[in-house]
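Spelled out, the chains give:
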Amino acid sequence: MLQGKKIVLGITGGIAAYKAAALCSGLVKQGADVHVIMTRSASKFITELTLQTLSRNPVHIDTFDERDPEVVTHINLADLADLVLIAPATANTIAKMAHGLADDMLSSTLLATMAPIMVAPAMNVHMYQHPAVVQNMNTLVSRGVLMIEPGSGMLACGYVGKGRLEEPETIIRVVQDFFQAQAHRNQLSQALAGKKVTVTAGATVERIDPVRFITNDSSGKMGIAIAKSARDMGASVRLIAGTVQVPLPEGIETVRVQSAQDMYEAVLGEWNSTDIMVQTAAVADYRPRTVYDTKMKKKDEGLTLELEKTVDILESLGQRKQGQFLIGFAAETNDVAEHAMGKLKRKNCDLLVANDVTTVGAGFGTDTNVVQIYDADGLVVDLPLMSKDDVAIQLLSVVAKRLNGVSTS
Ligand code: PMT
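Residues numbered from 1 in each chain as written. Predicted model: local features only at pLDDT ≥ 70, side-chain atom pairs only at ≥ 80, totals over all residues. Heavy atoms only, no water.

Naming follows an unreviewed UniProt entry, where the chain appears as Coenzyme A biosynthesis bifunctional protein CoaBC of Paenibacillus nuruki.

Take a look at the structure:
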């Protein structure tokens with residue numbers, strides 16, 4: 001995973017700097033091109049020559065030691081990095097990063113780089129717990145800096161506790177995982193390129209009179225997560241949204257609808273140009289037979305509302321399929337597999353995503369879901385509790401694999 005990856009390794013001044021030699025050597029052995037920047041304090045613990053020999057690249061300490069007139073060294077290092085890894089990171093360097101100081105080679109490079117930054121702190125246990133350090137680390141995490149938590153054990157200062165630099169092999173594994181995840185994201189970003197995906201989301205509203213209606217608990221979160229993931233996988237996306245409880249996503253063309261009939265018409269408008277249709281919306285099965293133009297008046301006796309069936313959008317699409325890949329959802333409370341397979345076949349879906357809405361963390365309104373994906377042969381995958389964003393990625397990865405033969409796992 002590290003072949004050809006350019007890693008700027010920042011080494012700061014703590015006793016754990018001696019471990020940076022093994023870290024540097026391990027990264028190079030994995031194929032990484034390592035460029036070391038040391039702080040002046042780090043050079044008291046480990047020599048420039050050691051790191052130069054291990055990395056097979058010049059080591060940088062002094063911002064003003066410009067050896068190549070063609071480049072400004074700290075900008076060059078900032079630009080070439082695929083990853084900036086600081087190990088060990090002292091409390092002082094973490095504070096400088098949090099506050100944007102640029103008073104040496106490492107801190108200047110850190111301000112200039114657009115590359116991801118990974119920090120492996122090492123310090124005394126009390127320093128690690130100090131509110132200032134905790135706050136600085138939280139600031140960095142909120143900016144997207146990746147932290148490699150220190151290990152616990154006997155510290156060089158004699159204390160026992162948390163603050164020991166994570167072992168070089170572990171740091172190398174974290175770096176490998178990072179690049180693997182990045183490669184996976186890059187692969188996903190093109191998985192649906194050239195496809196048009198239409199997604200329905202949210203609840204439909206069936207009017208009784210101008211002030212009353214029948215609806216359901218769908219928040220739109222699941223459908224919007226699918227629309228966003230499809231966009232991030234390179235598809236052109238159309239969202240058809242009923243009532244939703246979350247902001248509509250930026251950059252996705254959205255058609256707003258109220259009733260099942262409105263949704264049906266909007267869906268049909270997109271159908272011929274759609275490659276992948278995902279019907280996540282909770283659509284009313286019934287609507288009032290009569291819709292009153294004026295507010296219904298309260299009477300002494302009870303009220304019976306007569307309901308009539310709405311159009312089953314998914315079933316109707318299943319009958320019109322001409323190469324479109326059709327995905328339905330099923331909100332179930334019992335006999336999930338049986339009901340899901342029944343719906344998949346009756347509505348002629350290519351995939352059906354079932355969620356048991358009685359499961360904690362699944363179904364309506366939650367940020368998470370627990371789903372099973374079925375095809376005509378039965379269960380494809382049983383996903384554990386995960387965010388709706390992750391469910392969306394998993395579902396669309398299955399679709400991409402089936403449509404393009406592209407494996408995104
Ligand atoms: O929006 P959230 O709060 O995030 O909640 C997500 C969800 C629970 C709404 C979602 O995960 C889900 O299960 N959506 C389908 C809900 C539903 O209406 O299930 P159903 O079993 O009644 O319908 C089966 C399928 O037929 C669905 O794809 C539905 O869109 C479709 N249908 C249903 C009725 C109808 N008249 N027309 C349809 O197209």
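We are not done yet, so read on.
Peer 1: I'd like a rundown of the sheet that holds strand β3 (residues 83–89), residues and numbers included.
Peer 2: If you trace the five strands from one edge of the open sheet to the other, you get β2-β1-β3-β4-β5, paired in parallel fashion. Both outer strands of the open sheet, β2 (33–38) and β5 (146–147), are each paired with one neighbouring strand and no more. One ladder, built from two bridges, connects strand β4 (residues 117–121) with β5; its direction is parallel. The residue of β5 that forms the bridge with Met118 is Leu146. (Pairing = 2+ DSSP bridges. Helix = DSSP H or I, 4+ residues; strand = E, 2+ residues; numbered from the N terminus.)

Peer 1: Break down the site of the ligand for me, citing the residues and quoting the values.
Peer 2: Residues in contact with the ligand amount to 29 residues; listed here are only the nearest, Ser218, Ser219, Lys343, Asn355 and Gly365. In the model, an oxygen atom of the ligand is placed 2.6 Å from a nitrogen or oxygen of the Ser219 side chain. Between an oxygen atom of the ligand and a main-chain N or O atom of Gly365, the distance comes to 2.6 Å. Counting residues per element, the ones that place at least two in the shell around the ligand are α10 (221–232), α12 (313–320) and β16 (325–332). With four residues, β16 is the single largest residue contributor to the shell around the ligand. Split into classes, the residues belonging to the shell around the ligand amount to 12 nonpolar, 11 polar and six charged. (Near = heavy atom within 4 Å. Polar contact = N/O pair within 3.5 Å; in protein donor to acceptor, adjacent residues only side chain to side chain. Nonpolar A, V, L, I, M, F, W, Y, C, P; charged D, E, K, R; others polar.)

Peer 1: Explain the domain arrangement of the chain residue by residue, including any values.
Peer 2: Considered domain by domain, the chain is made up of domain 1 (6–154 + 163–187) and domain 2 (196–292 + 302–403). When each unit is reduced to the centre of its C-alpha atoms, the spacing between domain 1 and domain 2 is 46 Å. (Domains from an automatic or database assignment.)

Peer 1: An account of the pairing of β16 is needed here, citing residue identities and associated values.
Peer 2: Burial of β16 is extensive: seven of the eight residues sit out of reach of the surface. Pairing geometry for strand β13 (residues 276–279) and β16, over four bridges, is parallel. Bridge pairing links Val278 to Ile327 in β16. As judged from the six bridges shared by β16 and strand β17 (residues 351–356), these two strands associate in the parallel manner. In the strand pairing of β17, Glu332 is matched with Asp356. Once you follow β16 into helix α13 (residues 336–346) and on to β17, the crossover reads as right-handed. (Buried < 20%, exposed > 50% of the residue type's maximum accessible area, 1.4 Å probe, protein only. Right-handed = clockwise from strand over helix to strand, strands pointing away.)

Peer 1: Would you mind going over the side chain of His74 in detail, with residue names and values included?
Peer 2: Among the structural elements, His74 can be located in helix α4 (residues 73–80). Of the residues examined, His74 reaches a relative accessible area of 17% and is grouped as buried. Not counting residues within four places of it along the chain, the set of residues in contact with His74 comprises Thr63, Met105, Ser108 and Thr109. (Contact = heavy atoms within 4.5 Å.)

Peer 1: Summarise the sheet that holds strand β11 (residues 236–241); cite the residues concerned and give the values.
Peer 2: Spatial ordering of the open sheet is given by β12-β11-β8-β13-β16-β17-β19-β20, a layout of eight strands whose pairing is mixed. Two strands close off the open sheet at either side, each with one partner strand: β12 (253–256) and β20 (378–382). The sheet shows a mean angle of 20° between the axes of neighbouring strands, direction not considered. Inspection of the sheet shows strand β8 (residues 196–201) paired to β13 by four bridges, in the parallel sense. When the bridges of β13 are listed, Val197 appears paired with Ile276. Of the strands in this sheet, β13, β16, β17, β19 (371–375) and β20 are in contact with helix α14 (residues 388–404), which crosses β16 at around 145°. (Axes fitted to C-alpha atoms, helices over the stretch in contact; angles between N-to-C directions.)

Peer 1: Requested: an account of the UniProt feature "domain: DNA/pantothenate metabolism flavoprotein C-terminal" (unreviewed entry) in the chain, with residues and values cited.
Peer 2: In the numbering adopted here, UniProt assigns the feature "domain: DNA/pantothenate metabolism flavoprotein C-terminal" (unreviewed entry) to residues 192–401. The straight-line gap between the two end C-alpha atoms of residues 192–401 is 10 Å; of that span, 27% is helix and 29% is strand. (UniProt positions renumbered as here; feature names shortened; annotations may be inferred.)

Peer 1: Break down the pairing of β17 for me, with residues and values.
Peer 2: Across the six residues that make up β17, a large majority, six, are buried. Neither face of β17 is open: one carries Leu351, Val353 and Asn355, the other Leu352, Ala354 and Asp356, and all of them are buried. Taken together, the four bridges between β17 and β19 define a ladder with antiparallel strand orientation. Considered in β19, the bridge of Leu352 is made with Tyr374.

Peer 1: Residues and numbers for the side chain of Arg238, please.
Peer 2: Residue placement: Arg238 occurs in strand β11. Residue class for Arg238 comes out buried when judged on its relative accessible area of 17%. Once residues lying within four places of it in the same chain are set aside, the contact partners of Arg238 are Lys196, Val197, Thr198, Val199, Glu253, Val255 and Glu270.

Peer 1: Explain a nonpolar patch on the surface to me, and be specific about the residues and the numbers.
Peer 2: The grouping of Tyr286, Leu303, Leu305 and Leu307 at the surface amounts to a nonpolar patch, some 370 Å² of accessible area in total. Take Leu305: it is sitting in the loop between β14 (286–288) and β15 (307–309). (Patch = residues over 30% accessible without salt bridge, like charges linked within 9 Å, V, L, I, M, F, W, Y side chains within 5 Å. Areas by Shrake-Rupley, 256 points an atom, 1.4 Å probe, with all protein chains shown as cover. Salt bridge = Lys/Arg side-chain N within 4 Å of Asp/Glu carboxyl O.)

Peer 1: Help me get a handle on the pattern of salt bridges, residues and values and all.
Peer 2: This model, assessed by the stated rule, comprises 20 salt bridges. In this structure, Glu167 engages Lys19 in a salt bridge whose closest nitrogen and oxygen atoms are separated by 3.2 Å. Of this pair, Glu167 sits in the loop between β7 (160–164) and α9 (168–188) while Lys19 sits in helix α1 (residues 19–29), and the two are 148 residues apart along the sequence. Given a relative accessible area of 27%, Glu167 falls into the partly exposed group. Residue Asp103 pairs with Lys96 through a salt bridge whose shortest N-O separation is 2.7 Å. Asp103 gets classed as exposed once you look at its relative accessible area, which sits at 54%.

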